[in-house]
Amino acid sequence: MGTHAVDRDHDLAAEARASMVREIGAGGAWDADPVWREAFEAVPRHLFVPYYYVGGGPAPSTGAGSPGGSGYERLWGEERDPRRRERWLRGAYTDVPLATRLRDGELISSSSQPSLMANMLAELEVEDGNRVLEIGAGTGYNAALLAHRLGDDLVTTVDLDPDITEGARRHLAAAGYHPTVVTGDGARGVPQRAPYDRIIATCTLFSIPRAWLAQCAPDARILTPLATGLVRLRVRDAETAEGRFLHTPAYFVPLRGDGGGPARLHPHLGGLPGRARDHELFRFLLTLTAGSLDPHEALALWDREGHPTRDRYGITISADREWAWLDDPEGPYAWPLP
């Protein structure tokens, strides 16, 4: 591209990034920790999505999501047509998840919805000097936001796929950030960089890996998608942790690797009334309790307890077991996790 085109792209990126930051800020994402706004203003998202896929059906409004369907169109930054290049650039700063890697029609990596990323980073309760481990490198954008806030030396990100980690390194370097990027099973953590004060995952789990707790400093925090929500845990020691779900829904691609634990089977919903079957909060309960609670029993509980929101649920990990619960970890409603 010529100098004029490069200058125009730079100006468009700055304009689009400022618009995205205003939109996210209007939703209150940084009210509790305004420093994250500075990171989103500074880190150029378009450098982390040199191409992405659109089409194939609507993407979910939160998390990484799954584009579904077929007939994807790839948008990329090397488009010769300036109108298509502008479409790529403006799309990089829309507050939506972007599908970045497909394999045999399956989404394996994406750039998550920026407003959800902002909420997760704020809820992580990061403090200056914290060492952070990110599970799921993705495009590298989230690691760049963390590195901007904390510095390269305090941030580690890990992913199972070497193509993903290599891409993340390239994107981070292009944006001027150099955190540690590791290729490996995220469920096993990165022990050589421990201990961590914060662990944040950008992929869905079905239980909390024990390796994470063992690599945490005392009073560390873990924030991870689980079921279709986000749970924030306070780590007491190498074997115990506890915390509640945030009210926020979240849909991410599953954690891949031997250490991730077994996936829960999707329950059969036949015979359930549509009011429950299609209700997002009821489906969260079903996902959280799959294998432990019959769907009709779940419906009875859900109605009896007044359709509880996510923040009434929590997770507890002890030396010998791990369980989900409603309202009270020692109360009547508790379900083992795999």
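Residues numbered from 1 in each chain as written. Predicted model: local features only at pLDDT ≥ 70, side-chain atom pairs only at ≥ 80, totals over all residues. Heavy atoms only, no water.

1. Focus on the overall build of the chain
The helix and strand tally for the chain stands at 10 helices and 14 strands. Sequence-distant contacts in the chain: of pairs separated by 6 or more residues, those separated by 24 or more amount to 60%. As displayed, the chain offers around 14,600 Å² of accessible surface, 50% of which is attributable to carbon and sulfur atoms. (Helix = DSSP H or I, 4+ residues; strand = E, 2+ residues; numbered from the N terminus. Contact = heavy atoms within 4.5 Å. Areas by Shrake-Rupley, 256 points an atom, 1.4 Å probe, with all protein chains shown as cover.)

2. Here's the deal with the packing of aromatic side chains
One pass over the full model with this rule turns up 7 aromatic pairs. When the centroid spacing of 5.4 Å and the interplanar angle of 50° are considered together, the rings of W30 and F40 count as tilted. Taken together, the residues W30 in the loop between α1 (3-26) and α2 (35-42) and F40 in helix α2 connect sequence positions 10 residues apart. We note that W30, like F40, is buried. Members of the aromatic cluster, joined through ring pairs, are W30, F40, F48 and Y141. Here the basic side chain of R149 rests over the ring of W36, its NZ or CZ set 5.0 Å away from the ring centre. Here the guanidinium or amino end of R310 rests over the ring plane of F284, the centre of that ring lying 4.8 Å away. (Phe/Tyr/Trp six-rings, centres within 6.5 Å; stacked < 30°, edge-to-face > 60°. Buried < 20%, exposed > 50% of the residue type's maximum accessible area, 1.4 Å probe, protein only. Lys NZ or Arg CZ within 6 Å of the ring centre and 35° of its normal.)

3. A few points about helix α4 (residues 114-123)
Taken across its 10 residues, α4 has 8 buried, putting it largely inside the fold. For α4, the complete set of buried residues consists of P114, S115, L116, M117, A118, M120, L121 and A122. Immediately beyond the C-terminal end of α4, within one or two residues, lies E125, with a positive phi of roughly 60°.

4. Side note on the nonpolar core
Ranked by internal contacts, the top residues of the largest apolar core, which has 49 residues, are W36, F40, Y141, L145, I200 and L230. Elements that contribute at least two residues to this core include exactly α1, α2, α3 (82-92), α4, α5 (141-150) and α6 (162-175). A per-element tally of this core places α5 first, with 7 residues. Setting aside chain neighbours within four positions, we find L230 in contact with L116, M120, L223, T224, P225, R244, F245, L246, T248, A250 and F252. Listed in part, the 46 residues of the second largest apolar core include C216, F284, L301 and I317. (Core = buried A, V, L, I, M, F, W, Y, C linked by side-chain atoms within 4.5 Å.)

5. A closer look at the pairing of strand β3 (residues 98-103)
Sheet topology places β3 next to strand β4 (residues 106-111); 5 bridges connect them, and they run antiparallel. What sits directly across from R103, in β4, is E106. Where β3 folds back on β4, the antiparallel hairpin that results is connected by 2 residues, among which D104 adopts a positive phi of roughly 55°. (Pairing = 2+ DSSP bridges.)

6. A short note on the confidence of the model for the chain
On average, the chain scores 89 in pLDDT, and the residues at 70 or more come to 89%. Low pLDDT, under 50, characterises residues 57-70; the stretch is placed with 42 contacts to residues that sit more than four places away or in other chains. (pLDDT = per-residue confidence, 0-100.)

7. Side note on unusual backbone geometry
Along the chain, A194 connects to P195 via a cis peptide bond; the corresponding omega equals 5°. A positive phi is found at E125, a non-glycine position, where the angle reads about 60°. Within the fold, E125 resides in the loop between α4 and β5 (132-135). In the Ramachandran plot, D327 falls in the positive-phi region, its phi being about 75° despite a non-glycine side chain. Mapped onto the secondary structure, D327 falls in the loop between β13 (322-326) and β14 (334-336).

8. Considerations on the pattern of salt bridges
Scanning the model with the defined rule gives 22 salt bridges in all. The partner of R149 in a salt bridge is D33, and the shortest N-O contact between them spans 3.1 Å. One end of the pair, R149, is in helix α5; the other, D33, is in the loop between α1 and α2, and 116 residues separate them in sequence. Pair check on accessibility: R149 and D33 agree, each one buried. Among the ionic pairs, E73 bridges to R87, the shortest N-O distance being 3.0 Å. Within this pair, whereas E73 is found in strand β2 (residues 73-76), its partner R87 is found in helix α3, the two being separated by 14 residues in sequence. Each of E123, E125, D219, R221, R232 and R234 takes part in a single network of salt bridges with overlapping partners. (Salt bridge = Lys/Arg side-chain N within 4 Å of Asp/Glu carboxyl O.)

9. A few points about helix α10 (residues 295-304)
Burial in α10 covers these residues: P295, A298, L299, L301 and W302. Burial along α10 is one-sided: seen end-on, the buried residues are contained in an arc of 165°. As for α10, its buried residues are in contact with α8 (274-277), α9 (280-289), β13 and β14. A distance of 2.8 Å separates the backbone nitrogen of H296 from a side-chain oxygen at the start of α10, and that oxygen is part of D294. Where α10 ends, the next residue or the one after it, G306, has phi of about 75°, a positive value. (Arc of directions from axis to C-beta. Polar contact = N/O pair within 3.5 Å; in protein donor to acceptor, adjacent residues only side chain to side chain.)

10. Some remarks on the packing of α2 against α5
For the pair α2 and α5, interaxial distance at closest approach is 9 Å and the crossing angle is 125°. Considered as vectors, α2 and α5 are oriented oblique to each other. Both α2 and α5 take part in a crossing whose hand is right-handed. Within the contact between the two elements, α2 uses V35, W36, E38, A39, F40 and A42 and α5 uses Y141, L145, L146, H148 and R149. (Axes fitted to C-alpha atoms, helices over the stretch in contact; angles between N-to-C directions. Parallel < 35°, antiparallel > 145°, perpendicular 65-115°, else oblique. Left-handed = near helix turned anticlockwise from the far one by under 90°.)

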